[in-house]
Amino acid sequence: IIQVFMNILANALDALETVEGNSVITIRTSLSVDDGVEIAIADNGPGISEEDRAKLFDPFFTTKPVGKGTGLGLSISYQIVVDKHQGRLSCESSLGEGTTFVIELPLRG
């Protein structure tokens, strides 16, 4: 799970390099409606288009310039959250308004 956080935070930092003014990353935790934990990592970067969001978790997909990213970080993060921990990983974004990644993990009793 630490790798998931690092991948998402690294992408947020890269996105914020393009923003003028105050750059903000917000991390929020809460209990989810289905008795799990929810971690939301949000930035006020440029946002991600709907077309790109549809491919975000595909292996080797990247919006970064050549040589900047491998396109594996979010794909690996998705596998860790969904396959290894039976959770959910989603992305909410609007162009010009930032991006929020939501990690939902079940609590084990």
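So, here is what we can say about the structure in this document. (Residues numbered from 1 in each chain as written. Predicted model: local features only at pLDDT ≥ 70, side-chain atom pairs only at ≥ 80, totals over all residues. Heavy atoms only, no water.)

A few points about the packing of aromatic side chains
The geometry of an aromatic ring pair is captured by two quantities: the separation of the ring centres and the angle between the planes. Tallying each qualifying case throughout the model produces 2 aromatic pairs. Taking 6.5 Å as the distance between ring centres and 75 degrees as the angle between the ring planes, the aromatic pair formed by Phe-57 and Phe-101 counts as edge-to-face. Note that Phe-57 is positioned in the loop between helix 2 (50-53) and helix 3 (73-84) and Phe-101 in strand 4 (residues 98-106), a separation of 44 residues in sequence. Since its relative accessible area comes to 19%, Phe-57 is described here as buried. (Phe/Tyr/Trp six-rings, centres within 6.5 Å; stacked < 30°, edge-to-face > 60°. Helix = DSSP H or I, 4+ residues; strand = E, 2+ residues; numbered from the N terminus. Buried < 20%, exposed > 50% of the residue type's maximum accessible area, 1.4 Å probe, protein only.)

Thoughts on the environment of Ile-39
Along the chain, Ile-39 turns up in strand 2 (residues 36-43). Judged by relative accessible area, which is 8%, Ile-39 ranks as buried. Taking C-alpha positions, Ile-39 is 7.0 Å from Ile-27, a pair spaced 12 residues apart along the chain. Excluding anything up to four places from it in sequence, Ile-39 contacts Phe-5, Ile-27, Arg-28, Thr-29, Phe-101, Val-102, Ile-103 and Leu-105. (Contact = heavy atoms within 4.5 Å.)

Looking at the pattern of salt bridges
Inspection of every chain in the model, using the stated rule, returns 4 salt bridges. Residue Arg-88 pairs with Asp-34 through a salt bridge whose shortest N-O separation is 2.7 Å. With Arg-88 in strand 3 (residues 88-94) and Asp-34 in the loop between strand 1 (25-31) and strand 2, this residue pair connects regions lying 54 residues apart in the sequence. Judged by its relative accessible area of 43%, Arg-88 falls in the partly exposed class. Its relative accessible area of 44% is what places Asp-34 among the partly exposed residues. One salt-bridge network, held together by shared partners, links Asp-34, Arg-88 and Glu-104. (Salt bridge = Lys/Arg side-chain N within 4 Å of Asp/Glu carboxyl O.)

Comments concerning the sheet that holds strand 2
Spatially, the 4 strands line up as an open sheet ordered 1-2-4-3, and their pairing is antiparallel. Strands at the two margins of the open sheet, each flanked by one partner only, are strand 1 and strand 3. Geometrically, the sheet is characterised by an average inter-axis angle of 15 degrees between neighbouring strands, direction not taken into account. Its contacts with the sheet put helix 1 (residues 2-16) on strand 1, strand 2, strand 3 and strand 4, and the angle it makes with strand 2 is roughly 20 degrees. Along the sheet, helix 3 contacts strand 3 and strand 4; its crossing angle with strand 3, the most-contacted strand, is approximately 135 degrees. (Pairing = 2+ DSSP bridges. Axes fitted to C-alpha atoms, helices over the stretch in contact; angles between N-to-C directions.)

Examining the side chain of Ser-32
The topology assignment puts Ser-32 in the loop between strand 1 and strand 2. With a relative accessible area of 9%, Ser-32 lands in the buried category. Not counting residues within four places of it along the chain, the set of residues in contact with Ser-32 comprises Val-37, Glu-38 and Glu-104.

A short note on the packing of helix 1 against helix 3
Packing of helix 1 against helix 3 leaves a shortest axis separation of 9 Å and a crossing angle of 150 degrees. Note on packing geometry: the crossing formed by helix 1 with helix 3 is left-handed. Judged by residue contacts, Gln-3, Val-4, Asn-7, Ile-8 and Asn-11 of helix 1 engage Gly-73, Leu-74, Ile-76, Ser-77, Ile-80 and Val-81 from helix 3. Broken down by class, the residue content of the contact of helix 1 with helix 3 amounts to 6 nonpolar, 5 polar and no charged. (Left-handed = near helix turned anticlockwise from the far one by under 90°. Nonpolar A, V, L, I, M, F, W, Y, C, P; charged D, E, K, R; others polar.)

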